[in-house]
Amino acid sequence: MMRLPLFQYRAPRSLSEASRILEGEGARAMLLAGGTDLLPNMKRRQQVPATLVALRRVKELRETRVRKENGLALGPCLTITEIARNSRIKEQYTALWQAASQIATPHIRNLGTLGGNLCLDTRCNYYNQSYEWRKAINFCIKKEGDMCWVATGSHRCVAVSSTDTAPALMALGARLRLVSQRGEREIDLVDFYRNDGIEYLTRRPDEILSEVLLDSQAGWRSTYWKLRRRGSFDFPVLSVAAAARIDGDGVVENARVVIGSAASCPMIAAQACDFLAGRRLDDETIEEAATLAARVAKPLDNTDFAMGWRKKVAREFATYALRELRGDDTRLARERLVRHSLFYQG
Ligand SMILES: Cc1cc2nc3c(=O)[nH]c(=O)nc-3n(C[C@H](O)[C@H](O)[C@H](O)COP(=O)(O)OP(=O)(O)OC[C@H]3O[C@@H](n4cnc5c(N)ncnc54)[C@H](O)[C@@H]3O)c2cc1C
Ligand code: SF4
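Let us look at the structure shown here. (Residues numbered from 1 in each chain as written. Chains lettered and ligands numbered in written order. Predicted model: local features only at pLDDT ≥ 70, side-chain atom pairs only at ≥ 80, totals over all residues. Heavy atoms only, no water.)

Looking at the sheet that holds strand E5 (residues 72-74)
Operational definition: The criterion for strand pairing is that DSSP finds at least two bridges linking the strands in question. Going along the chain from the N terminus, every DSSP run of H or I of four or more residues is numbered as a helix, and every run of E of two or more is numbered as a strand. Axis geometry follows a simple rule: fit a line to the C-alpha atoms, using only the stretch in contact for helices, then measure angles between N-to-C directions, giving values from 0 to 180 degrees. We call two residues in contact whenever any of their non-hydrogen atoms come within 4.5 Å of each other.
The five strands lie next to each other as E4-E5-E8-E6-E7, forming an open sheet whose pairing is antiparallel. Single-partner strands in this sheet number two, and they are strand E4 (64-66) and strand E7 (183-188). Each adjacent strand pair in this sheet contributes to an overall mean axis angle of 20°, direction not counted. Sheet topology places E5 next to strand E8 (residues 208-214); three bridges connect them, and they run antiparallel. The residue bridging Ala73 from the neighbouring strand is Leu213, located in E8. Against the sheet, helix H1 (residues 15-25) makes contact with strand E6 (175-180) and E8, and its axis sits at roughly 130° relative to E8, the strand it touches most.

Notes on the pattern of salt bridges
Quick note on the threshold: Salt-bridge detection follows one rule: a side-chain nitrogen of Lys or Arg within 4 Å of a carboxyl oxygen of Asp or Glu. Type-normalised accessible area, obtained with a 1.4 Å probe on protein chains alone, sets the label of each residue: buried when under 20%, exposed when over 50%, and partly exposed for intermediate values.
Going through the model one piece at a time under the given rule, you end up with 24 salt bridges. When the shortest N-O distance is used, the salt bridge between Arg230 and Asp234 registers 2.8 Å. Judged by relative accessible area, Asp234 falls into the buried class, the value being 16%. Close ionic contact of Arg245 with Glu253 constitutes a salt bridge, the shortest N to O distance being 2.9 Å. What makes Arg245 partly exposed here is its relative accessible area of 31%. Looking at Glu253, the relative accessible area reads 43%, which means it is partly exposed. Members of the salt-bridge network, linked through shared partners, are Arg65, Arg175, Arg177, Glu184, Glu186, Asp188 and Glu211.

Concerning the site of ligand 2
The line we're drawing: The near set for a molecule or strand comprises every residue that places at least one heavy atom within 4 Å of it. Charged means Asp, Glu, Lys or Arg here, nonpolar means Ala, Val, Leu, Ile, Met, Phe, Trp, Tyr, Cys or Pro, and polar covers whatever is left, Gly included.
Around ligand 2, a shell composed of Cys124, Tyr126, Tyr127, Cys140, Ile141, Lys142, Cys148, Trp149, Val150, Cys157, Val158 and Ala159 is seen. Counted by class, the shell around ligand 2 contains 11 nonpolar, no polar and one charged residues.

Topic: the nonpolar core
To keep things clear, this is the line we draw: Working definition of a nonpolar core: buried Ala, Val, Leu, Ile, Met, Phe, Trp, Tyr and Cys residues. They are joined through side-chain atoms within 4.5 Å.
Residues Leu74, Leu96, Leu118, Leu169, Leu189, Tyr193 and Leu214 are the most contacted members of the largest nonpolar core, which totals 40 residues. Setting aside residues no more than four positions away along its own chain, Tyr193 makes contact with Leu118, Ala166, Met170, Tyr200, Leu201, Thr202, Cys265 and Pro266. In this structure, Ile259, Ala272, Leu276 and Leu322 belong to the second largest nonpolar core, which totals 38 residues.

Structure (structure tokens):
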């Protein structure tokens, strides 16, 4: 049995108290939300904070607030289940609802939070292993070692961003509010991430993610496609989130396509987005946009499925996602996907 290392446990009751503790403790402290990622990581000695600052008693982080012009502000400590059960999210922020509904298992969704999901550690076959396993290969750059087993000539860790909600929220144009003793700041979700397996967040150690901000999605449609081995539960190993505002004549006014789990952060497919603007979503446009979107997917051999196949899936998913935004019924394609992934041997 793997045991947790010793740590000090702090349980503040307000955001200001939490941020005071975090300021005082510095980089030796970590925030604990549902603990479904952090605690297993601590057991494997991947993350060994001396202090855990638990957020579960901070009521203001569990609130949902309607913003001006019908937008929404989501507390980061809302559980994934609460997100997946919210009918307004299902209707207006469909990509987020689809992403949340496909995270892990019901038990984990009951504990795991939105904020924890956005700050989720990056993953890699050579890292998500027990301490003894990693010691046997002399560790790797991400923790305690000096080489990368995936890109052996690289000085940079290329572990994979494995969050489901981040690509979906990026496609929805989400912004984040971060709070610290120095004050608060608002940033685009896209600026929260770095394409670096170790320093994958731009968040400072003293900052707490305090709100996820969404504008009204009137006139927009959105969707999320996730590749995983088991349809019942598994981390994403490739995903496509897409959102578009389409006018009455079927012409795309604005579009966002995001590729997830193909780098150390979700990647906006900027060329595809530019190409789609001003065009009708006919089959040719969709094919061309999907090809452009897949270009940003550069999967490596550090997670499930063959990397070449994951790259091909990026194009397929982008095609299906855009067809779904056009109004096509893609339910059969989704069902086929679950069966095919389960039996794929690559
Ligand atoms: C078997 C299994 C399957 C899983 N499958 C999936 C999956 O399919 N898709 C997926 O996306 N995830 C999956 N996960 C990962 C995890 O369960 C979820 O990502 C969950 O949402 C994490 O939330 P949490 O509250 O438990 O985070 P925690 O473990 O509490 O924290 C995770 C990280 O976020 C930081 N953090 C938390 N809250 C804040 C905040 N407010 N401000 C700043 N930093 C914060 C913590 O310090 C930590 O670094 C899986 C986990 C397991 C064990
Ligand atoms: S990508 Fe390389 S450095 Fe990063 S976790 Fe994997 S093996 Fe380690």
